[in-house]
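Chain by chain, the residues:
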Amino acid sequence: MKVLIVTSSPNKEGLTAACGEAARQGVIDGRSRARVINLNEFEIERCAVCEDGWGPCRTEHRCRLEDDFAELQRMFDEAEGFAVVTPVYFGEPSEAMKAFFDRLRRCEATKKDGAKSVLEGKPIVSVAAAGGSGDGAVHCLAEMERWVRQLRGEPFDFVAVTQRTREYQTETIHDAMAAMCRPKAAESTMPISARKGQRRSRKPRRRIRRRKPSEQAAG
């Protein structure tokens, strides 16, 4: 699986960066390929709300603003899974994250008649990293969930992280990404009524041979 990890903080030593690194390690341990990008390193203008409120985003599913948005849109199209990691400001995702997803929704959520959004059917782990007071992480995740649903993505997990929960929640992010990358087990097509009567096969017990007293003394 090709996984795109999207962060959006200028602080490369902060909580958001630590969460992004945990996601990257989880993808690697899930035996998949990870690509990490920071939206703060791209030029992303806010939506210009063209003409009567809609530009070519509604009909042609592209943005007419000339910045790095088209390149990012292509990256999302090529990826097969995502981790979206944002710092929390005023109980909301970062300004860079909001600017990007505002425009992505306009271009992708408007697709119809079988045309798929770049997130459609793809698993997504959303992470809200509240590195300051720790407040607002749950509210932030609620907004991120709306983005995922509107773009028809497949929510895999939502993780709120604060400085107090950093140690174990970064492990949660790692484990979520590793689980997301594992191939799905084949589902049984046998009816439940038939499965109830089936006996589970038991693994043979491993017998531990006890050593005789003479052998113990020799050891």
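Higher on the page you've got the structure.
Here the structure is a predicted model, which means the values were calculated and not measured.

**Q** What exactly am I supposed to notice about the pattern of salt bridges here?
**A** Note that side chains of opposite charge can pair when their charged atoms are close. Counted by the stated rule, this structure contains eleven salt bridges. Where Glu-41 meets Lys-12, a salt bridge forms, and the shortest distance between an N and an O atom there is 3.8 Å. Linking Glu-41 in the loop between strand S2 (33–38) and helix H2 (56–59) with Lys-12 in the loop between strand S1 (2–7) and helix H1 (15–29), this pair joins segments that are 29 residues apart in sequence. For Glu-41, a relative accessible area of 55% corresponds to the exposed category. Residue class for Lys-12 comes out exposed when judged on its relative accessible area of 61%. Arg-24 serves as the salt-bridge partner of Glu-21, at 2.8 Å between the closest nitrogen and oxygen. Within this pair, Glu-21 and its partner Arg-24 are both found in helix H1, separated by three residues, close to a single helical turn. Among the residues examined, Glu-21 registers a relative accessible area of 34% and is labelled partly exposed. Accessibility expressed as a relative area gives 26% for Arg-24, which makes it partly exposed.

**Q** Is there a simple way to think about the packing of aromatic side chains in this case?
**A** What describes a pair of aromatic rings is the distance from one ring centre to the other and the angle between the planes of the rings. Under the defined criterion, the tally for this structure stands at six aromatic pairs. Geometrically, the ring pair formed by Phe-76 and Phe-100 is tilted, given 5.1 Å between the ring centres and 40° between the ring planes. Here Phe-76, found in helix H3 (residues 69–78), pairs with Phe-100, found in helix H4 (residues 95–108); they are 24 residues apart in sequence, far enough to count as distant. Accessibility assignment for this pair places Phe-76 and Phe-100 in one class, buried. Relative to Trp-147, the ring of Phe-101 lies with its centre 4.6 Å away and its plane at 10°, an arrangement referred to as stacked. One end of the pair, Phe-101, is in helix H4; the other, Trp-147, is in helix H5 (residues 137–150), and 46 residues separate them in sequence. Assigned by exposure class, Phe-101 and Trp-147 land together as buried. The ring of Trp-54 carries Arg-106 above its face, with NZ or CZ at 4.4 Å from the centroid.

Reading the values: the criteria
- Residues numbered from 1 in each chain as written.
- Predicted model: local features only at pLDDT ≥ 70, side-chain atom pairs only at ≥ 80, totals over all residues.
- Heavy atoms only, no water.
- Salt bridge = Lys/Arg side-chain N within 4 Å of Asp/Glu carboxyl O.
- Helix = DSSP H or I, 4+ residues; strand = E, 2+ residues; numbered from the N terminus.
- Buried < 20%, exposed > 50% of the residue type's maximum accessible area, 1.4 Å probe, protein only.
- Phe/Tyr/Trp six-rings, centres within 6.5 Å; stacked < 30°, edge-to-face > 60°.
- Lys NZ or Arg CZ within 6 Å of the ring centre and 35° of its normal.

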